[in-house]
Amino acid sequence: MQRFVGKVAFVTGAASGIGLATMTRLGREGAKIFAADINAGQLAEEVAKLSEEGVDIHSRALDVTDEADCRAAVEQCVTQFGKLDVLCNIAGMVLTSSHDGEHPLGVCALPGRYAALAGSGREYCQYFIRGGFAGAAL
Ligand SMILES: NC(=O)c1ccc[n+]([C@@H]2O[C@H](COP(=O)([O-])OP(=O)(O)OC[C@H]3O[C@@H](n4cnc5c(N)ncnc54)[C@H](O)[C@@H]3O)[C@@H](O)[C@H]2O)c1
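Fair warning: this is a prediction, and the values are worked out from it, not measured in the lab. (Residues numbered from 1 in each chain as written. Predicted model: local features only at pLDDT ≥ 70, side-chain atom pairs only at ≥ 80, totals over all residues.)

**Digging into the nonpolar core**
So, step 1. Ala9, Phe10, Val11, Ala14, Ile33 and Ala35 are the most contacted members of the largest nonpolar core, which totals 30 residues.
So, step 2. Mapped by element, the contributors of at least two residues to this core are strand S1 (8-12), helix H1 (17-28), strand S2 (32-37), helix H2 (40-52), helix H3 (67-81) and strand S4 (86-88).
So, step 3. Residues contacting Val11, with those up to four places away along its chain left out, are Gly19, Thr22, Met23, Ile33, Ala35, Ala36, Cys88 and Ile90. (Core = buried A, V, L, I, M, F, W, Y, C linked by C-beta atoms within 7 Å. Buried ≥ 20, exposed ≤ 12 C-beta atoms within 10 Å, placed from the backbone. Helix = DSSP H or I, 4+ residues; strand = E, 2+ residues; numbered from the N terminus. Contact = placed C-beta atoms within 7 Å.)

Pasting the structure below:
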């Protein structure tokens with residue numbers, strides 16, 4: 001099936017596990033992929049494999065706990081592909097409340113919750129608004 005032809009997907013945590021499986025499936029179904037992970041070496045290896053299959057894919061190192069870096073990554077994706085249709089927030093930062101405020105607990109896959117990809121999330125919503133709310137967030 002080629003259900004994502006013409007779509008651009010941004011995938012965090014793309015170097016392994018759920019993120020890798022997600023970008024692989026989307027890419028094989030026709031999506032253009034912008035892949036990001038803190039592990040640049042492993043990400044490059046996986047991206048090379050998908051590229052050899054013919055997937056249109058670009059990648060960059062990204063620490064999703066760095067808001068400015070997240071914003072820059074989304075800008076880079078949109079510059080590269082002209083738009084952003086699907087945000088796969090596989091690596092996200094979970095915050096929890098405590099007596100003295102909120103604390104990041106670590107990176108995990110709880111899509112769309114809390115501060116996951118916080119900076120780019122805001123940017124991403126702007127792209128959706130410009131595009132008529134045609135996208136999806138995971
Ligand atoms: N596998 C499951 O069934 C399952 C279920 C619920 C939750 N989770 C959580 O989802 C997350 C992803 O699961 P997985 O099995 O794919 O794990 P994984 O360890 O295989 O993949 C996580 C990816 O995120 C990247 N990463 C780590 N910190 C990062 C950061 N700050 N910025 C950008 N990328 C970062 C890692 O380099 C890695 O490639 C894990 O944290 C896990 O605890 C997994």
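Anyway, onward from the coordinates.
**Thoughts on the pairing of S1**
So, step 1. In terms of burial, S1 is a largely internal element, five of the five residues being buried.
So, step 2. Side-chain alternation along S1 places Val8, Phe10 and Thr12 on one buried face and Ala9 and Val11 on a second face that is also buried.
So, step 3. Two strands pair when backbone bridges link them, and S1 and S2 are joined in this way by five bridges, in the parallel orientation. Note on S2: the bridge partner recorded for Val11 is Ala35.
So, step 4. For the segment spanning S1, H1 and S2, crossover handedness is right-handed.
So, step 5. Taken together, the three bridges between S1 and S4 define a ladder with parallel strand orientation. The residue of S4 that forms the bridge with Phe10 is Leu87. (Pairing = 2+ DSSP bridges. Right-handed = clockwise from strand over helix to strand, strands pointing away.)

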